[in-house]
Amino acid sequence: GAGGNNPKATTDQEYYVPGELKEGEKSFFDLEQSGVEFVFNLNFIGTLLPTQEFAQDMLEKEGCNIINISSMWGTSGASCEVAYSASKSGINGFTKALAKELAPSNVQVNAIACGVIDTSMNDQLTSEERKALEEEIPAGRYGTPKEIAQMVWNIVHAPEYMTGQIIGVDGGFL
């Protein structure tokens, strides 16, 4: 799955400046371990364990692909989302390392680093926040699940020599 985030693992301000947090706002120093563990379990462990389960069967077959779902924030990091960014970065490292391990077995391992995709993960955004975020994206809009599905199809049909790649689908954001 694509994973997700947790309110106990996010901060309230884009930048931390000592003494400038308002009462009740969270900084990096206030992240709860349970929230961080939730995010890592969902995103990283939730990628690792199914891969262990299914990849072994792929070793005996031709033309198999493992396609992980990551995030552009796993490539660049995102303010307010340290745990999420780190968990997606872990998926990127996992993808690259596993690609090297499985390359002799002709199993391709790649990841899609999604930008902002129009899914329920963004339902908590207000209409103002949504509009502001769309204005930051050079394409001027959110991506669609269909576009991510098209990229999955493209990767499945890519040359077998393509492995260990983190492919960004982010509307030019990064």
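Keep in mind that this is a model prediction, so the values were computed, not measured. (Residues numbered from 1 in each chain as written. Predicted model: local features only at pLDDT ≥ 70, side-chain atom pairs only at ≥ 80, totals over all residues. Heavy atoms only, no water.)

Trainee: Can you walk me through the packing of aromatic side chains in this structure?
Mentor: Each aromatic ring pair is described using two quantities: the centre-to-centre distance and the angle formed by the ring planes. Counted by the stated rule, this structure contains 4 aromatic pairs. For the pair Phe44 and Phe94, a centre-to-centre distance of 5.9 Å together with 80 degrees between the ring planes defines the contact as edge-to-face. Of the two residues, Phe44 sits in helix H1 (residues 33-58) while Phe94 sits in helix H3 (residues 82-102), which places them 50 residues apart along the sequence. Taking 5.5 Å as the distance between ring centres and 85 degrees as the angle between the ring planes, the aromatic pair formed by Trp73 and Phe173 counts as edge-to-face. (Phe/Tyr/Trp six-rings, centres within 6.5 Å; stacked < 30°, edge-to-face > 60°. Helix = DSSP H or I, 4+ residues; strand = E, 2+ residues; numbered from the N terminus.)

Trainee: For this particular structure, what's the right way to read the sheet that holds strand E3 (residues 166-169)?
Mentor: Sheet strands pair by backbone hydrogen bonding; their relative direction is either parallel or antiparallel. In space, the 3 strands of this open sheet follow the order E1-E2-E3, with parallel pairing throughout. Of all the strands in the sheet, the pair left with one neighbour each is strand E1 (64-71) and E3. For this sheet, the mean inter-axis angle between neighbouring strands, taken without regard to orientation, is 25 degrees. Contacting E1 and strand E2 (107-114), H1 runs over the sheet at an angle of about 170 degrees to E1. (Pairing = 2+ DSSP bridges. Axes fitted to C-alpha atoms, helices over the stretch in contact; angles between N-to-C directions. Contact = heavy atoms within 4.5 Å.)

Trainee: Whenever I open this one, the environment of Thr119 confuses me. Can you help?
Mentor: Structurally, Thr119 is set in the loop between E2 and helix H4 (127-136). Take Thr119: its relative accessible area is 32%, and that puts it in the partly exposed class. For the pair Thr119 and Met151, spaced 32 residues apart in sequence, the C-alpha separation works out to 16 Å. (Buried < 20%, exposed > 50% of the residue type's maximum accessible area, 1.4 Å probe, protein only.)

Trainee: Any chance you could explain a nonpolar patch on the surface here in plain terms?
Mentor: The grouping of Tyr16, Phe28, Phe29 and Val82 at the surface amounts to a nonpolar patch, some 440 Å² of accessible area in total. Mapped onto the elements, Phe29 comes out in the segment before H1. (Patch = residues over 30% accessible without salt bridge, like charges linked within 9 Å, V, L, I, M, F, W, Y side chains within 5 Å. Areas by Shrake-Rupley, 256 points an atom, 1.4 Å probe, with all protein chains shown as cover. Salt bridge = Lys/Arg side-chain N within 4 Å of Asp/Glu carboxyl O.)

Trainee: Explain the layout of surface pockets here, please?
Mentor: Which parts of space are left empty comes out when a probe the size of a water molecule is rolled across the atoms. Empty space within the largest pocket amounts to approximately 1,200 Å³. Considering every element that reaches the lining of the largest pocket, the biggest residue donor is H4, with 4 residues. Looking at the lining of the largest pocket, its residues break down into 17 nonpolar, 13 polar and 5 charged. (1 Å grid on protein atoms, 1.4 Å probe; cavity = no way out; pocket = protein on both sides within 12 Å on 5 of 7 lines; lining within 4 Å. Points joined across faces, edges and corners; volume = space filled by probe spheres on them. Nonpolar A, V, L, I, M, F, W, Y, C, P; charged D, E, K, R; others polar.)

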